[in-house]
Amino acid sequence: MEEHLTVGRVAELAGVSVRTLHHYDEIGLVQPSARTAAGYRAYAAGDVERLREVLAYRRLGFGLREIADLVDDPTTDAIAHLHRLRGLLLEQRDRTAAMVAAIDSELEARAMGIRTTPEEQLKVFGAQLYETIGSAYPATRRTEPRIAARVWEALGDARTVLNVGAGTGSYEPPDRDVTAVEPSAVMRAQRPAGAAPCVAADAESLPFEDRSFDAAMAFSTVHHWHDPIAGLREMRRVARRVVVFTHDTGDTGWRQRFWLSRDYLPEVAGLVAGRPSVDRLADAIGARMEPVLIPWDCADGFFEAYWRRPEAYLDEHVRRAVSVWTRVGPAAEQRAVGRLRDDLSSGRWAERNHDLVALDAAELGLRLLVA
Ligand SMILES: C[S@@+](CC[C@H](N)C(=O)[O-])C[C@H]1O[C@@H](n2cnc3c(N)ncnc32)[C@H](O)[C@@H]1O
C-alpha cells in the first residue's frame, strides 16, 4: 500500500515549517491529495515528488511564480526536472568553488598586507570556468577554415566587427576592424601578439553605445553565458548585424545525433537542461538559422570535432580543451573514456557507427544564427 505522509512528517523530513507547506497548499503549488486513516490530509508519493522539485528550485533562488510555471509545464517530466536541477546545481557548484578560491587568495593577499583592486574583487563573478581550464585551450583549439568562411560570409560587408566571448580569437576575420570582448583574464592573456584589441567584459552588459559596430559575432560561447538571451539582445543593441555559431541542444540535435553524448556521456543532457533552446535564441534576435556540417578532419578541436576520429577522445589534451569534460566531473569522464576505449578495441564502436566512415561531413546540430 502506498505510504501517505502527514503535513507534520513532511515538514520534519524536508526541514521546512508547517506554515510553509500550508502556504504552498493555499497558493496551489503543492497540495496534499491523500487522506490518512484518521481523515487528515496527507501527501501521496506524487505530491512529495512535486514538493521536492519546488524546494530544489527554491534553493536555487527561483521565485514561487517561476517555480509554479516550471512544475506545471506538462512537457517536463520528473526525469527532465532532475536533469535540469542537476545541471543548475553543477553550475552553482562551479561558481561557488571559484568564489571560495577567490576569497582564499584575497585572504592570503590581505595577510601579506596587499589590498586587492576593485577589478580583482569583482572578477570572480565573471568567467570563472575559463580561469580554471583556459590554459589548456590552445592545445587543440584553432581556426577551422571551412567554418570560419561561413561566419565571415555571414558578416556580409561589415567593416567593424565586435567578437563577443572571443577567447584567443580563432574566428576573428583578418580583413576587418575587429574589437574583442572576453571576460577571462587567462583567455585574454593567450591572445596572439597582434590580435585585435580586447576588452574585459561580459556579453550580458557590453560597454558600448547603441549601434557602435557594423556586426557582432559570437563563436561557441553563448552556452557559457549566465543569461544568453540578455547577451544576444546586447549584441543586437550594439550592432546592425549579429552572427552566432552555437548548437541545437534539443533531443533531435546534439544529444541524440552525436554518438559520444548519446552512447558514452549522457551527462551532457544535465549540462544543457534549463538552457534556452536554439529556437529561443534565434527568436530573441529575429535570426535565421543555418545548419553547419562538421568536416571529418575539422581543425578546431571542439566537443564534436572528432566524430569520425574517435581515438582522439582518449587523449587527455583533447578533452582538457573542451569545457564539457570538466563540467561532467572526473567520474563520468573516466567511465566514458574507459567504455570508449573498450569499444574501440573490441570493434563495437566501429560496428555501431559504420555509417559514419563513408561521410566527409556530419550534421550534429551545429547552427549559424544570422540576424
Ligand atoms: C569555448 S570558448 C570560445 C572562444 C572563442 N570564441 C573561440 O571560438 O575560440 C568560450 C569563451 O566564452 C567566454 N565567456 C564565458 N562567459 C562569458 C560571458 N558571460 N560573456 C562573454 N564571454 C564569456 C569564456 O571565457 C571563453 O573564452
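Above this text is the structure in question.
Residues numbered from 1 in each chain as written. Predicted model: local features only at pLDDT ≥ 70, side-chain atom pairs only at ≥ 80, totals over all residues. Heavy atoms only, no water.

Engineer: I'd like to hear about the sheet that holds strand β4 (residues 160-164), residue by residue, with values.
Structural biologist: Across the sheet, which stays open at both edges, the seven strands sit in the order β6-β5-β4-β7-β8-β12-β9 with mixed pairing between neighbours. Of all the strands in the sheet, just β6 (198-199) and β9 (288-291) have a single pairing partner and so form its edges. Across six bridges, strand β7 (residues 213-219) lies against strand β8 (residues 239-247) in parallel orientation. Bridge pairing links phenylalanine 213 to alanine 239 in β8. (Pairing = 2+ DSSP bridges. Helix = DSSP H or I, 4+ residues; strand = E, 2+ residues; numbered from the N terminus.)

Engineer: Kindly report on the environment of serine 135, identifying the contributing residues and their values.
Structural biologist: With respect to the element layout, serine 135 can be found in the loop between α7 (128-133) and α8 (145-154). For serine 135, a relative accessible area of 55% translates into the label exposed. Considering only alpha carbons, one finds serine 135 and alanine 321, 186 residues apart in sequence, at a separation of 8.3 Å. For serine 135, the residues in contact, after removing those within four places along its chain, are Val186 and Gln190. (Buried < 20%, exposed > 50% of the residue type's maximum accessible area, 1.4 Å probe, protein only. Contact = heavy atoms within 4.5 Å.)

Engineer: Tell me what's going on with the packing of aromatic side chains, and back it up with residues and numbers.
Structural biologist: Scanning the model with the defined rule gives 13 aromatic pairs in all. Consider the rings of tryptophan 259 and tyrosine 264, whose centres lie 6.0 Å apart with planes at 90°: the pair is edge-to-face. Relative accessible area serves as the criterion here: at 2%, tryptophan 259 is assigned to the buried category. For tyrosine 264, a relative accessible area of 2% gives the class buried. These aromatic residues form a ring-pair network of at least three members: Phe258, Trp259, Tyr264, Phe303, Tyr306, Tyr313, Trp325 and Trp349. Here the guanidinium or amino end of arginine 319 rests over the ring plane of tryptophan 325, the centre of that ring lying 5.9 Å away. (Phe/Tyr/Trp six-rings, centres within 6.5 Å; stacked < 30°, edge-to-face > 60°. Lys NZ or Arg CZ within 6 Å of the ring centre and 35° of its normal.)

Engineer: I'd like a description of the site of the ligand, backed by residues and values.
Structural biologist: Neighbouring the ligand are 20 residues; Gly165, Glu182, Ala203, Phe219 and Thr221 lie closest to it. One of the side-chain nitrogen or oxygen atoms of glutamate 182 is found 2.6 Å away from an oxygen atom of the ligand. Its residues placed into classes, the shell around the ligand shows 10 nonpolar, seven polar and three charged. (Near = heavy atom within 4 Å. Polar contact = N/O pair within 3.5 Å; in protein donor to acceptor, adjacent residues only side chain to side chain. Nonpolar A, V, L, I, M, F, W, Y, C, P; charged D, E, K, R; others polar.)

Engineer: Run through the pattern of salt bridges, naming residues and quoting values.
Structural biologist: If you walk through the whole model with that rule in mind, you get 25 salt bridges. Measuring nitrogen to oxygen at the nearest pair gives 3.7 Å for the salt bridge that ties arginine 308 to aspartate 360. With arginine 308 in the loop between β10 (294-295) and α15 (316-320) and aspartate 360 in the loop between α18 (348-352) and β11 (361-362), the pair connects residues that are 52 residues apart, well separated along the chain. In this structure, a network of salt bridges that share partners links the residues Glu316, Arg319, Arg320 and Glu333. (Salt bridge = Lys/Arg side-chain N within 4 Å of Asp/Glu carboxyl O.)

Engineer: Requested: an account of the sheet that holds strand β3 (residues 41-43), with residues and values cited.
Structural biologist: Reading across the sheet, the three strands line up as β1-β3-β2 and stay open at both edges, with antiparallel pairing between neighbours. One side of each edge strand has no neighbouring strand; the edge strands of this open sheet are β1 (5-6) and β2 (34-35). Where β2 and β3 come together, two bridges link them in antiparallel fashion. Counterpart to alanine 34 in the pairing with β3 is alanine 42. Here helix α3 (residues 45-59) sits on the sheet in contact with β1, β2 and β3, set at roughly 65° to β3. (Axes fitted to C-alpha atoms, helices over the stretch in contact; angles between N-to-C directions.)

Read these as spatial facts, not as claims about activity.
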